[in-house]
Amino acid sequence: MILPDSSQMRAIDRCAIDHFGIPGIVLMENAGLGTVLLIESLFGPLRRVCIPIFIGPGNNGGDGLVIARHLMQREANPVLVYLVEPGRLKGDSGINQRIIETFELPALVCTDSSSVPETLAALRELEYRLGPAGLYVDAIFGTGLCRPIDGHFLDMIGEINALSSARTIPIIAVDTPSGLDSDTGSVLGCCINAHTTATYGYAKLGQMMAPSRRYTGTLKIIDIGIPAAVADHVPVAALSIDPSVCRDRVKRLDRSPDSHKGSYGHLLVVGGSAGKTGAAILAGRGALRSGCGLISLCCPRALNVIYETSVTEAMTLPLASETTFEKDDLEAILGHADGKHGVVLGPGIGQHPSTADLVVELYNHLELPMVVDADALNIIAAHRRLLRPPPGARILTPHPGEMARLIDRTVSEVQADRIDAARTCFERFGSSDHETVVILKGAATVIAETDRVWINTTGNPAMASGGMGDVLSGIIGSLLCQGLSPVDAAVSSVFLHGYCGDLLLQSHGIGFSASELADRLGEALNDVVTAG
């Protein structure tokens, strides 16, 4: 599913109106009716339910007026709370305002901060007559908001949230919660805390980002009649990773009856050091559980027994170094890479100076598709001047801290605009000769590639524990070795990884481990493939 930003959504609406001849007021009517049908599906019959609707200055306010009309037709008791002079509504919103006037619904007008208390007092008086509010409808600001909210809008949104919380009254947000930046998911001063958001046509890019989830509540997409062919006229570079996206890719891994372990690739894992062997072992486990045919773990010699006894199905390749990878291991590793189909570099590898020299050499010279993770990312961030255009595909998998080091920002700056951070990293480390993919891990993982970004839809906070990223790097390496392209391997892996976390949260609750997550990969793959 495409994820338009605010400017792209305006272009989509304009295309539907100008190119396909669908009047804007028809789209508004569909939006309002669709929202009322959603409300009915959530809360049942609305007869005699008092529903205050907070009306803002733009098309969002017009949607709210359509909602009021359809609620009235269902014998509900809508109350209009205008946060703008009704006569100032223009265009399709103005038409709907003139229509709703004829029905003589209860209406209040609040146009400055001083009138907020008296407006709320008047609303309480209306509730004594009509019954207590059953829900609120937020139709104040839509996806076009791009400046911090202030004045009486700020005051009223705070009051709406407080009333909703104190009286357990759900808020339905119209298209997007007022105050949410629809491009980044950040809050523009303040934001409605919605129970459900009825968004129109498509989910918006910012609504899929982690910060927004606490404000959107449950996100429901309302079909308002925008033709699917609009996508051919308005390019949108952001897409969500949903089950169908993953299914289309992992179905290519279907196994022939006469296949064997050599048919499913051979992954080389270069990682681990004294005290950090678990990271490389978890990467191997993730690769094993996601179907890789053969796995070889390069390891410092003194640690070999740990590797051999932890992932018994994998082969180990002890090196001359004792407990930490060193630059002198380069030739041996390059030799071990012969005949492999992909490499995972970095989990638990440490940042010893000799290790750093080795990582830079492997990054610069190894032709295999490479997943670059953990300390390997910290090393290339610190030694950027030594990097050359790599001779093979590279998939970088930073968490926010590693991303901050890669692009010279703070973690807060990375998290404030994760999409821009991923794109910036891609631009900095991308190669014109070989495919580069950047995976910014975390809630709503972002994947940046040459001409688009992907936003993952699986995963949960219970996955915030050690080793999860190591398992992910192993899954990506596994799918690379089984024949998926770097982008397809990245997209499929982050979805499956998060899906396993969702399965475990449902069955175990908080407290599951990275090893347990890896062990659910077969089930996840089966679920995704058979769901289609």
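Since the model is a prediction, treat every value here as computed from it, not as a measurement.

(A) The overall build of the chain, seen in detail. Counting its regular elements, the chain contains 20 helices and 17 strands. Based on the C-alpha atoms only, the size of the chain along its principal axes is roughly 85 × 50 × 45 Å. The long-range fraction of contacts in the chain, counting pairs at least 24 apart against all pairs at least 6 apart in sequence, stands at 73%. Where the 41 positive side-chain charges of the chain centre and where its 58 negative ones centre are 2 Å apart.

(B) Geometry of the packing of aromatic side chains. As enumerated under the stated definition, the model contains 3 aromatic pairs in all. The interplanar angle of 75° and the centroid separation of 5.8 Å between the aromatic rings of Phe54 and Tyr136 together place this pair among those described as edge-to-face. With a gap of 82 residues between them, Phe54 in strand 1 (residues 50-55) and Tyr136 in strand 4 (residues 136-139) connect regions that are remote in the sequence. Against the face of Tyr264 rests Arg255, its NZ or CZ located 3.6 Å from the ring centre. Geometry around Tyr363 places Arg394 over its ring, the cationic atom sitting 5.3 Å from the centre.

(C) View of the sheet that holds strand 4. In space, the 7 strands of this open sheet follow the order 3-2-1-4-5-6-7, with parallel pairing throughout. Single-partner strands in this sheet number two, and they are strand 3 (107-109) and strand 7 (218-222). Each strand of the sheet is rotated relative to its neighbour by a mean of 20°, with strand direction disregarded. Across 3 bridges, the pairing between strand 4 and strand 5 (residues 171-174) is parallel. Counted as the bridge partner of Tyr136 is Ile171 from strand 5. Seen against the sheet, helix 2 (residues 24-43) touches strand 4, strand 5, strand 6 (196-200) and strand 7 and runs at an angle of roughly 150° to strand 6.

(D) Here's a closer look at the packing of helix 5 (residues 116-130) against helix 6 (residues 151-167). It is the contact of helix 5 with helix 6, at a shortest axis distance of 10 Å, that shows an interaxial angle of 40°. Helix 5 and helix 6 meet at a crossing whose hand is right-handed. Here helix 5 contributes Val116, Thr119, Leu120 and Glu127 to the contact with helix 6, which in turn contributes His152, Asp155, Met156, Glu159, Leu163 and Arg167.

(E) Main features of the pattern of salt bridges. Counted under the stated rule, the structure contains 18 salt bridges. Put simply, Arg249, Arg252 and Asp488 are held in one network by salt bridges that share partners.

(F) Structural view of the side chain of Asp373. In this fold, Asp373 is placed in the loop between strand 13 (370-372) and helix 13 (375-382). Assessed through its relative accessible area of 2%, Asp373 is described here as buried. Separated by 2.8 Å, the side chains of Asp373 and Thr397 make a polar contact. Beyond its immediate chain neighbours, meaning those up to four positions away, Asp373 contacts Leu345, Gly346, Pro347, Thr397, Lys441, Gly469, Asp470 and Ser473.

(G) A look at the packing of helix 8 (residues 243-250) against helix 18 (residues 486-508). At a minimum axis distance of 9 Å, the contact between helix 8 and helix 18 shows a crossing angle of 125°. When the axes of helix 8 and helix 18 are compared, the pair comes out oblique. Pair helix 8 / helix 18 crosses with left-handed handedness. Contacts between helix 8 and helix 18 involve Pro243, Val245, Cys246, Arg249 and Val250 from the first element and Asp488, Val491, Ser492, Phe495 and Leu496 from the second. Partitioning the contact of helix 8 with helix 18 into residue classes produces 7 nonpolar, 1 polar and 2 charged.

(H) Inspection of helix 3 (residues 59-73) at higher detail. In this model, helix 3 (15 residues) spans 22 Å end to end at C-alpha, consistent with the 21 Å of a helix rising 1.5 Å per residue. The buried count for helix 3 comes to 12 of 15 residues, which makes it a mostly enclosed element. If you check which residues of helix 3 are buried, you get Asn60, Gly61, Gly62, Asp63, Gly64, Leu65, Val66, Ile67, Ala68, Arg69, His70 and Leu71. Backbone geometry just after helix 3 places Glu75 at a positive phi near 65°.

(I) Quick look at the environment of Ala11. Checked against the element boundaries, Ala11 lands in helix 1 (residues 6-18). The exposure class assigned to Ala11 is partly exposed, which follows from its relative accessible area of 32%. Considered as a pair, Ala11 and Asp488 are 477 residues apart in the sequence and their alpha carbons are 29 Å apart.

(J) Region of interest: the sheet that holds strand 17 (residues 453-456). As summarised here, the arrangement of the 10 strands in space is 8-17-16-15-14-13-12-9-10-11, forming an open sheet in which the pairing is mixed. On the outer flanks of this sheet lie strand 8 (238-241) and strand 11 (315-319), each paired with one strand and no other. Ignoring strand direction, the axes of neighbouring strands in this sheet form an average angle of 20°. For strand 10 (residues 294-300) and strand 11, the ladder comprises 5 bridges, and the chain directions are parallel. Looking across to strand 11, one finds that Cys298 is bridged to Leu317.

(K) Looking closely at a nonpolar patch on the surface. A cluster of nonpolar side chains, namely Ile95, Ile99 and Phe103, defines an oily patch on the protein surface of about 210 Å² accessible area. Within the secondary structure, Ile99 sits in helix 4 (residues 91-101).

(L) Fine view of the side chain of Thr216. Mapped onto the fold, Thr216 is located in helix 7 (residues 213-216). Not counting residues within four places of it along the chain, the set of residues in contact with Thr216 comprises Pro177, Leu180, Ala194, His195, Thr196, Thr197 and Gln207.

(M) Representation of the pairing of strand 8 in the model. The two faces of strand 8 match: Ala238 and Ser240 on one face and Leu239 and Ile241 on the other face are all buried. Pairing of strand 8 with strand 17 involves 4 bridges; the strand directions are parallel. Bridged to Leu239 within strand 17 is Trp454.

(N) Main features of the nonpolar core. Of all hydrophobic cores here, the largest spans 56 residues; its most connected members are Ile447 and Leu496. The residues touching Ile447, leaving out its near neighbours within four places in the chain, are Ile241, Val437, Val438, Ile439, Arg452, Val453, Trp454, Ala490, Val491 and Val494. Judged by nonpolar contacts, the second largest core, of 53 residues, contains Leu205, Ala337, Leu368 and Ile419.

Calculation rules
Residues numbered from 1 in each chain as written. Predicted model: local features only at pLDDT ≥ 70, side-chain atom pairs only at ≥ 80, totals over all residues. Heavy atoms only, no water. Helix = DSSP H or I, 4+ residues; strand = E, 2+ residues; numbered from the N terminus. Contact = heavy atoms within 4.5 Å. Lys, Arg positive; Asp, Glu negative; His and termini not counted. Charge placed at Lys NZ, Arg CZ, Asp CG, Glu CD. Phe/Tyr/Trp six-rings, centres within 6.5 Å; stacked < 30°, edge-to-face > 60°. Lys NZ or Arg CZ within 6 Å of the ring centre and 35° of its normal. Pairing = 2+ DSSP bridges. Axes fitted to C-alpha atoms, helices over the stretch in contact; angles between N-to-C directions. Left-handed = near helix turned anticlockwise from the far one by under 90°. Salt bridge = Lys/Arg side-chain N within 4 Å of Asp/Glu carboxyl O. Buried < 20%, exposed > 50% of the residue type's maximum accessible area, 1.4 Å probe, protein only. Polar contact = N/O pair within 3.5 Å; in protein donor to acceptor, adjacent residues only side chain to side chain. Parallel < 35°, antiparallel > 145°, perpendicular 65-115°, else oblique. Nonpolar A, V, L, I, M, F, W, Y, C, P; charged D, E, K, R; others polar. Expected span 1.5 Å × (residues − 1). Patch = residues over 30% accessible without salt bridge, like charges linked within 9 Å, V, L, I, M, F, W, Y side chains within 5 Å. Areas by Shrake-Rupley, 256 points an atom, 1.4 Å probe, with all protein chains shown as cover. Core = buried A, V, L, I, M, F, W, Y, C linked by side-chain atoms within 4.5 Å.

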